[in-house]
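# A structural walkthrough
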Amino acid sequence: MKKNIAVLPGDGIGPEVTQQAVNVLKAIAGRFKHSLHFVYGSIGGEAIDRYGNPLPPETLSSVNTSNAVLLGAVGGPKWDYVPVANGPDQGVLMIRKLLRVFANLRPVKTYTSLSSLSVLKQEIVKDTDILFVRELTGGIYFNSPRGRRDKGNSAIDTSKYSKEEISRIATVAFNHALKRRKKVTSVDKANALETSRLWRETVVEMGKKFPTVQLEHLYVDNAAMQLIKNPKQFDVILTENMFGDILTDEAAVLSASIGLLPSASIGNTHPYLYEPIHGSAPKYAGQNKVNPIGAILSAAMMLRISFKLEKEADTLEKAVEKVLQSGYRTKDITTEKTPKNKILGTKEIGDKICEELK
Ligand code: IPM
Ligand code: MG
């Protein structure tokens, strides 16, 4: 199989984690005789520095000719002077919107070998297996009116959802539930927000088309509590853009480190976008310290979802599991008891995973 992958490393730790994801993809390509071609592009703060634009046309042209896009992370204090409307994060928001990847899939699992590392009790987090389906191109992130009013002394953002936007994301959630444990928990704030009332109404309607899937609804405040109180009750969690952003960072605590978590952003047309859920962590940039597994598992999602390479994706995920089972750790997933010789850098743990793939 021959595929073009656009790689947008971005800022902070983005380039180091993305490099490891590219390395494992090359190892997979070697082992399974595929031809993967990587084209690099600029996004975020470094794109502002180079082109004066967080998502320059140069990047878009390589993205548009690719079969899938791998993104690192964007942002950092260096660009705090740039107004939000043109800042690094806009690069990510714009590419999601332009690619129309309305469904953000964020699986949160607790590896058995790591379940003692969460700050939460082991018996609570053990065997957690949740798929977040986050709406990604609508809601308060994208609608107007927005901006400053009153000489800068008041500000406005607008949350808006159409029935069509809600039903298409709900369909994604129900379809995934069918392949999993057949339960969807829809998260909203229907006791306070009109968008949430439409959300709930529409999800109930869509749910009728999936009679074998159990549907329940939680208010977002309660969902935030249930998530760390009893995470095993959840299978698929369906939610709007901003609630999904917040809840998935919270859910990262279940898996020991946010550095482990991947995501896939999908829609009706390719290319799709793959990125770890963590940010650019500028304070760790360039130190070869952070965990590249979120980026590496995002590459596995790319193999499975964009290229339909199920076996390759499985092989990659197993290799990650094997390396963790063998006791290898990056700094973020260590304790005082972790043997020093098992603590690896970003590159070294990436290399271990590649070795496992050969
Ligand atoms: C995420 C990030 C983004 C978001 C930022 C970078 C705009 O936090 O992907 O979770 O809020 O969606
Ligand atoms: Mg986030």
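Before any of the text, the structure's been laid out above.
On a predicted model such as this, the values are computed, not experimentally measured, just so you know.

Assigned secondary structure in the protein chain consists of 12 helices and 12 strands. Relative to the 2.2 N^0.38 estimate, which gives 21 Å for 358 residues, the radius of gyration of the protein chain is 20 Å and therefore close to what a compact globule would have. Restricting to contacts in the protein chain with at least 6 residues of sequence separation, those with at least 24 account for 76%. Accessible surface, the protein chain: about 15900 Å² in total, of which carbon and sulfur atoms supply 53%. The distance from the centre of the 49 positive side-chain charges to the centre of the 38 negative ones in the protein chain is 3 Å.

Let's shift gears to the packing of aromatic side chains. Evaluation of the coordinates by the stated rule reveals three aromatic pairs. A centroid spacing of 5.5 Å and a plane angle of 70 degrees characterise the contact between Tyr161 and Trp199, whose relative ring orientation is edge-to-face. You can see Tyr161 sitting in the loop between strand E7 (154-158) and helix H6 (163-178) and its partner Trp199 sitting in helix H7 (residues 194-207), a full 38 residues away along the chain. When its relative accessible area of 2% is taken as the criterion, Trp199 is described as buried. A cation over an aromatic ring shows up here: Lys97 above the ring of Phe142, its NZ or CZ 4.8 Å from the ring centre. The residue whose ring lies beneath Lys342 is Tyr328, and the NZ or CZ to ring-centre distance is 4.4 Å.

Bringing the packing of helix H1 (residues 14-32) against helix H10 (residues 293-305) into the picture now. Running from N to C, H1 and H10 cross one another at 45 degrees; their axes reach a closest spacing of 8 Å. On the basis of the axis angle, H1 is oblique to H10. Here the hand of the crossing between H1 and H10 comes out right-handed. Residues Val17, Thr18, Gln20, Ala21, Val24, Leu25 and Ile28 of H1 form the contact with H10, whose own contacting residues are Ala295, Ile296, Ala299, Met302 and Leu303. Each residue belonging to the contact of H1 with H10 can be placed in one class, and the counts come to 10 nonpolar, two polar and no charged.

Pro145 follows Ser144 through a cis peptide bond whose omega is 0 degrees. In this structure, Pro145 sits in strand E6 (residues 143-149). For the bond from His270 to Pro271, the omega torsion is 0 degrees, close enough to zero to count as cis. Residue position: Pro271 is located in the loop between strand E11 (264-266) and strand E12 (272-274). Here the phi dihedral of Lys182 falls at roughly 60 degrees; this positive angle occurs in a residue that is not glycine. Taking relative accessible area as the criterion, Lys182 reaches 35% and is therefore assigned partly exposed. One non-glycine residue with positive phi stands out, namely Asn288, at about 55 degrees.

The subject of this paragraph is the pairing of strand E5 (residues 129-135). Among the seven residues of E5, six are classified as buried, and the element is accordingly described as predominantly covered. Bridging between strand E4 (residues 103-109) and E5 involves seven bridges; their strand directions are antiparallel. The residue of E5 that forms the bridge with Asn104 is Arg134. Looking at chain direction, E5 and strand E10 (residues 236-239) are connected through four bridges and run parallel. The partner of Val133 across the bridge, within E10, is Leu238.

Here Glu312 shows up in helix H11 (residues 310-325). Buried charge without a salt bridge: Glu312, with Lys311 as the nearest opposite-charge side chain at an N-O distance of 6.3 Å. The contacts of Glu312, once residues within four sequence positions are left out, are Ile28, Phe32, His34 and Leu303.

What counts as what
- Residues numbered from 1 in each chain as written.
- Chains lettered and ligands numbered in written order.
- Predicted model: local features only at pLDDT ≥ 70, side-chain atom pairs only at ≥ 80, totals over all residues.
- Heavy atoms only, no water.
- Helix = DSSP H or I, 4+ residues; strand = E, 2+ residues; numbered from the N terminus.
- Rg over C-alpha atoms; globule rule 2.2 N^0.38 Å.
- Contact = heavy atoms within 4.5 Å.
- Areas by Shrake-Rupley, 256 points an atom, 1.4 Å probe, with all protein chains shown as cover.
- Lys, Arg positive; Asp, Glu negative; His and termini not counted.
- Charge placed at Lys NZ, Arg CZ, Asp CG, Glu CD.
- Phe/Tyr/Trp six-rings, centres within 6.5 Å; stacked < 30°, edge-to-face > 60°.
- Buried < 20%, exposed > 50% of the residue type's maximum accessible area, 1.4 Å probe, protein only.
- Lys NZ or Arg CZ within 6 Å of the ring centre and 35° of its normal.
- Axes fitted to C-alpha atoms, helices over the stretch in contact; angles between N-to-C directions.
- Parallel < 35°, antiparallel > 145°, perpendicular 65-115°, else oblique.
- Left-handed = near helix turned anticlockwise from the far one by under 90°.
- Nonpolar A, V, L, I, M, F, W, Y, C, P; charged D, E, K, R; others polar.
- Pairing = 2+ DSSP bridges.
- Salt bridge = Lys/Arg side-chain N within 4 Å of Asp/Glu carboxyl O.

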